[in-house]
Amino acid sequence: MSGILEARPRVGYYYAGKPKNKLISDQLKKYVVKDYLSQPVVVKNEMSVYDAICTIFLEDVSTLFVINEDGDFIGVCSRKDLLRASMIGDDIHSMPVNIVMTRMPNLNYILENERVVYAANLMIEKEIDSLPIVNKKDNGKFEVKGRISKTTITNIFVSLFNE
Ligand code: ADP
């Protein structure tokens, strides 16, 4: 009855009177990204489009996060980016992913202390399937720590039903 009934000394339990959607939003606010992040698949910017396609199949993800030689997060390469690159007709064995990826300043990312509901909202707003979870480095650039995807959100939704 958590949230529905509240207790006060010498009064006992009483109806908290919160509307149902307030109870749900209070519950959702407790979900923080760092508790639900999954392993990111990170590749170097010189990886070929062909190898990136193989990596997407082998790792069973929809998006690769791209880093430079210093480990800085510099891009995102999705299935459609790779499909588009394959359709152009150039040699995908020699074409690197940094030609086809989405890059700064157009990248969307979140910090691990953000709420899951914020991540979900960002994915809907930007029409993307996943978000990298990043840390700011001393050089002012970002490193990729994790990943949150629409699948993560679906799993949380189902776990709420089973609670
Ligand atoms: P798919 O290509 O499999 O449909 P998305 O919908 O996630 O995957 O990607 C659509 C486009 O948005 C792609 O061009 C991709 O590079 C870009 N994109 C994906 N994730 C991000 C992100 N976190 N920040 C910026 N752009 C992104």
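So, here is what we can say about the structure in this document. Given the structure is predicted, the values throughout are model-derived calculations rather than measurements.

Criteria and thresholds
- Residue numbering note: each chain is counted from 1, following its sequence as written.
- Owing to the predicted nature of the model, reporting of local features is limited to residues with pLDDT of at least 70; listing and counting of side-chain atom pairs is limited to 80 or more, with chain, interface and lining totals taken over all residues.
- Side-chain figures throughout are based on the complete set of non-hydrogen atoms in the structure, without hydrogens or water.
- Put simply, DSSP marks the helices as runs of H or I at least four residues long and the strands as runs of E at least two long, and each gets a number from the N terminus on.
- The atom set for the radius of gyration is the C-alpha atoms, and the globule formula is 2.2 Å times the number of residues raised to the power 0.38.
- Accessible area is worked out with a 1.4 Å probe on protein chains only. A residue is then buried under 20% of its type maximum, exposed over 50%, and partly exposed in between.
- We call two residues in contact when some of their heavy atoms are within 4.5 Å.
- Residue-level accessible areas treat just the shown protein chains as cover; the underlying method is Shrake-Rupley with a 1.4 Å probe.
- Charge counting follows a simple rule: Lys and Arg are positive, Asp and Glu are negative, and His as well as the terminal groups are ignored.
- All charge positions are set by atom: Lys at NZ, Arg at CZ, Asp at CG, Glu at CD.
- Definition of nearness: a residue and a molecule or strand are near each other if at least one heavy atom of the residue lies within 4 Å of the molecule or strand.
- Any pair of nitrogen or oxygen atoms within 3.5 Å is treated as a polar contact; in protein, a donor-acceptor pairing is required on top of that, and neighbouring residues in sequence qualify only through side-chain atoms on both sides.
- We call a set of buried residues a nonpolar core when its members are Ala, Val, Leu, Ile, Met, Phe, Trp, Tyr or Cys and they connect through side-chain atoms within 4.5 Å of each other.
- By convention, a stacked pair of Phe, Tyr or Trp rings (six-membered ring in the case of Trp) has centres within 6.5 Å and planes under 30 degrees apart, an edge-to-face pair has planes over 60 apart, and any other such pair is tilted.
- Residues enter patches when they are more than 30% accessible in relative terms and free of salt bridges; like-charged ones are connected within 9 Å and nonpolar ones (Val, Leu, Ile, Met, Phe, Trp, Tyr) within 5 Å.
- Salt bridges are defined by distance alone: a side-chain nitrogen of Lys or Arg within 4 Å of a carboxyl oxygen of Asp or Glu.
- We treat two strands as partners when DSSP finds at least two bridges between them.
- Where helices are involved, their axes are fitted lines through C-alpha atoms of the stretch in contact, as for all axes, and angles between N-to-C directions lie from 0 to 180°.

**A closer look at the overall build of the chain**
Right, so step 1: On a plain count of helices and strands, the chain comes out with six helices and nine strands.
Right, so step 2: Relative to the compact-globule value of 15 Å for 163 residues, the chain shows a C-alpha radius of gyration of 21 Å, a clear excess of over 25%.
Right, so step 3: Across its three principal axes, the chain shows a C-alpha extent of roughly 75 × 35 × 25 Å.
Right, so step 4: Sorting the 163 residues of the chain into buried and exposed places 34% on the buried side.
Right, so step 5: A separation threshold of at least 6 residues defines the contact pool for the chain, and within that pool the share at least 24 residues apart is 52%.
Right, so step 6: Per element, the accessible surface of the chain, about 10700 Å² overall, is 53% carbon and sulfur.
Right, so step 7: Positive and negative charge centroids in the chain, built from 21 and 21 side chains respectively, lie 12 Å apart.

**Some details on the site of the ligand**
Right, so step 1: As a matter of local geometry, the ligand sits amid 14 residues, with Ser78, Asp81, Thr102, Asn108 and Asp129 nearest to it.
Right, so step 2: Within the side chain of Thr102, a nitrogen or oxygen atom sits 2.6 Å from an oxygen atom of the ligand.
Right, so step 3: Within the complex, 87% of the 550 Å² of free accessible area of the ligand lies under protein.
Right, so step 4: Contributions of two or more residues to the shell around the ligand are made by strand S5 (73-78), helix H3 (79-88) and strand S8 (130-136).

**Quick notes on the nonpolar core**
Right, so step 1: Grouped together as the largest cluster of nonpolar side chains are 16 residues, with contacts concentrated most on Val49, Leu64, Val66, Cys77, Leu82, Val97 and Val100.
Right, so step 2: Looking at this core element by element, the count peaks at three residues for helix H2 (residues 49-59).
Right, so step 3: Leaving out residues up to four positions away in the same chain, Val100 has contacts with Val49, Cys77, Asp81, Leu82, Arg84, Ala85 and Met95.
Right, so step 4: If you look at the next biggest cluster of nonpolar residues, it comprises 11 residues, including Leu122, Met123, Ile148 and Ile156.

**A closer look at the packing of aromatic side chains**
Right, so step 1: According to the stated counting rule, one finds four aromatic pairs in the structure shown.
Right, so step 2: The interplanar angle of 35° and the centroid separation of 5.5 Å between the aromatic rings of Tyr31 and Tyr36 together place this pair among those described as tilted.
Right, so step 3: By relative accessible area, Tyr31 is classed as buried at 7%.
Right, so step 4: We classify Tyr36 as partly exposed; its relative accessible area is 30%.
Right, so step 5: An aromatic cluster of at least three residues, connected via ring pairs, comprises Phe65, Phe73, Tyr109 and Phe142.

**Section: a nonpolar patch on the surface**
Right, so step 1: Taken together, the side chains of Ile4, Leu5, Tyr13 and Tyr15 make up a nonpolar region of the molecular surface, amounting to roughly 460 Å² of accessible area.
Right, so step 2: With respect to the helices, strands and loops of the structure, Tyr15 is situated in strand S2 (residues 12-15).

**Some words on the sheet that holds strand S4 (residues 63-67)**
Right, so step 1: Here we have four strands laid out as an open sheet, ordered S3-S4-S5-S6, and mixed in their pairing. Because the sheet does not close on itself, it has two edges, and the strands there are strand S3 (42-44) and strand S6 (102-103).
Right, so step 2: Bridge count between S5 and S6: two bridges; the pairing is antiparallel. When the sheet's bridge partners are listed, Val76 is paired in S6 with Thr102.
Right, so step 3: On top of the sheet, H3 reaches S5 and S6; it is set at about 75° to S5, its chief contact.

Spatial relationships are all this shows, so hold off on functional conclusions.
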